[in-house]
Amino acid sequence: MSHQLTLDQIRRAPKVLLHDHLDGGLRPETIVELAAATGYTGLPADDPEALGAWFAEAADSGSLERYLETFGHTVAVMQTRESLVRVAAECAEDLAADGIVYAEVRYAPEQHLEAGLSLEEVVEAVLEGFRVGQDRAAAQGRSIRVGTLLTAMRHAARSREIAELAVRYRDVGVVGFDIAGAEAGHPPTRHLDAFEYLRRENAHFTIHAGEAFGLPSIWEALQWCGAGRLGHGVRIVDDIEAARGADEASGTVRMGRLANYVRDKRVPLEMCPSSNVQTGAAVSIAEHPIGLLRRLRFRVTVNTDNRLQSGTALSEEFAKLVEAFGYDWDDLQWFTVNAMKSAFLPFDERLALINGQIKPGFAQLKWATD
Ligand SMILES: O=c1[nH]cnc2c1ncn2[C@@H]1O[C@H](CO)[C@@H](O)[C@H]1O
Ligand SMILES: [Zn+2]
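Because the structure is a prediction, the values reported are computed rather than measured.

### A closer look at the sheet that holds strand S10 (residues 300-302)
Across the sheet, which stays open at both edges, the four strands sit in the order S5-S6-S9-S10 with parallel pairing between neighbours. Strands at the two margins of the open sheet, each flanked by one partner only, are strand S5 (206-209) and S10. Taken pair by pair, the neighbouring strands of this sheet meet at an average axis angle of 30°, ignoring direction. Taken together, the three bridges between strand S9 (residues 269-271) and S10 define a ladder with parallel strand orientation. Bridged to Leu269 within S10 is Val300. Its contacts with the sheet put helix H16 (residues 329-342) on strand S6 (229-232) and S10, and the angle it makes with S10 is roughly 100°.

### As for the sheet that holds strand S2 (residues 100-107)
Taking strand neighbours across the sheet as the criterion, the four strands line up as S1-S2-S3-S4 in an open arrangement whose pairing is parallel. Of all strands in the sheet, those bounded by a partner on one side alone are strand S1 (15-21) and strand S4 (174-180). Each strand of the sheet is rotated relative to its neighbour by a mean of 20°, with strand direction disregarded. The pairing of S2 with strand S3 (residues 145-153) spans six bridges and is parallel. Its bridge partner being in S3, Arg106 is matched across the sheet by Leu149. Here helix H8 (residues 159-168) sits on the sheet in contact with S3 and S4, set at roughly 165° to S4. Contacts between H16 and the sheet are confined to S1 and S2, with S1 contributing the most and set at about 65° to the helix.

### Side note on the UniProt feature "binding site: substrate" (unreviewed entry) in the protein chain
As annotated by UniProt and renumbered to match this structure, "binding site: substrate" (unreviewed entry) occupies His21, Asp23 and Gly181. With the annotated positions falling across 161 residues, the maximum pairwise C-alpha distance of 12.6 Å places them together in a single cluster. Topologically, His21 is positioned in strand S1. In contact with His21, not counting residues within four places along its chain, are Arg106, Tyr107, Asp305 and Asn306. Mapped onto the secondary structure, Gly181 falls in the loop between S4 and helix H9 (192-200). Ignoring any residue separated from it by four or fewer positions in sequence, one finds Gly181 in contact with Leu68, Met153, Arg154, His155 and His186.

### Description of the nonpolar core
By size, the foremost hydrophobic cluster in this structure holds 106 residues, and its most contacted members are Val16, Ala88, Ala92, Ile100, Val126, Ile144 and Phe177. Apart from residues lying up to four places away in sequence, Ala88 is in contact with Leu22, Val126, Gly129, Phe130 and Gly133.

### Overview of the site of ligand 1
With respect to spatial proximity, 19 residues lie near ligand 1, and among them His21, Phe71, Tyr107, Ala108 and Ala180 are the closest. Put simply, the parts of the chain that give the shell around ligand 1 at least two residues each are helix H4 (64-69), helix H5 (71-76) and S2. Residues that form the shell around ligand 1 fall into these classes: seven nonpolar, eight polar and four charged.

### Concerning the environment of Glu82
Positionally, Glu82 belongs in helix H6 (residues 81-97). Looking at Glu82, the number of C-beta atoms within 10 Å reads 12, which means it is exposed. Along the sequence, Glu82 and Ala194 sit 112 residues apart, while their C-alpha atoms lie 30 Å from each other.

What counts and how
Residues numbered from 1 in each chain as written. Chains lettered and ligands numbered in written order. Predicted model: local features only at pLDDT ≥ 70, side-chain atom pairs only at ≥ 80, totals over all residues. Pairing = 2+ DSSP bridges. Helix = DSSP H or I, 4+ residues; strand = E, 2+ residues; numbered from the N terminus. Axes fitted to C-alpha atoms, helices over the stretch in contact; angles between N-to-C directions. Contact = placed C-beta atoms within 7 Å. UniProt positions renumbered as here; feature names shortened; annotations may be inferred. Core = buried A, V, L, I, M, F, W, Y, C linked by C-beta atoms within 7 Å. Buried ≥ 20, exposed ≤ 12 C-beta atoms within 10 Å, placed from the backbone. Near = placed C-beta within 6 Å. Nonpolar A, V, L, I, M, F, W, Y, C, P; charged D, E, K, R; others polar.

Structural data, given as structure tokens:
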């Protein structure tokens, strides 16, 4: 009987991250320094440790709307070219240090225009930062590739413009598009124009759906908008009836048409366990729908969402799942290959990462811990 995987072992595995917000992953000390440099005086704490704790606590509200309020402080210090380059560079370095070999990081360019930058200048600054961070990681012997997703805010009216921006920069590091923000009251069909444009351009997009709102949101994202992946998608369990408690071992499950569609079509679910517990989309890690969805072999992937607000990293999310569900190397490799298969990269490049880095990396770890 092998022992439970440790956080340290998990850090060494070659991992893939598809759902991570740039403005939800700043280092607390960087926020403090950028606030001082740019004259932002609204921070709730000046000491990095206290500030990190404040974010985790404020985000732990049980409501997506209150969780999202915390982004006011990170976005406030990401308004200049220098800040954006620095934050993006540190993001790439931090992800590489956690053993991630491929990541898609998202942010909303429209939120970074307050000091006079244009949308193009914002995108170019972030791309520059990712290049710098990837180079620094490479110099330390860590290979990471970071692709960018451009997000439009679902309560705003700039999605078509942001979609066009994503297409304009698609050959230089932007790999897709997303919509985020408060879900209830802001259905994805409000942005149909943007999604239809992207489809005509053969471009990739994901949609935050099924987090704070249920099945209608998932249904619209897939069947009206044509999303290639679902951000969170946890509420798909509302369409699944599984035996619970004493009857759980019977494995009896009844799935509705939407849940069947999602599984049949291998629609990738970008699940973010800690974030879901903080916003109330899941009761606890142990009761997170990921356990059932993995068992039913949905195309599940594991993600961080916001490392700052959740005080987490991808390895830590995996460690929590290992603890709750007893996952082993095979499960972790399955999640990782799922994620790489679902990336918005060309097929041959996905295959190269799976066969060249992920499978050999896991094989070595399994052999070492056998
Ligand atoms: O879990 C989430 N659900 C919905 N929106 C989110 C989530 N996390 C972050 N953002 C929103 O996305 C913006 C761009 O990165 C952030 O500023 C935040 O408002
Ligand atoms: Zn998100």
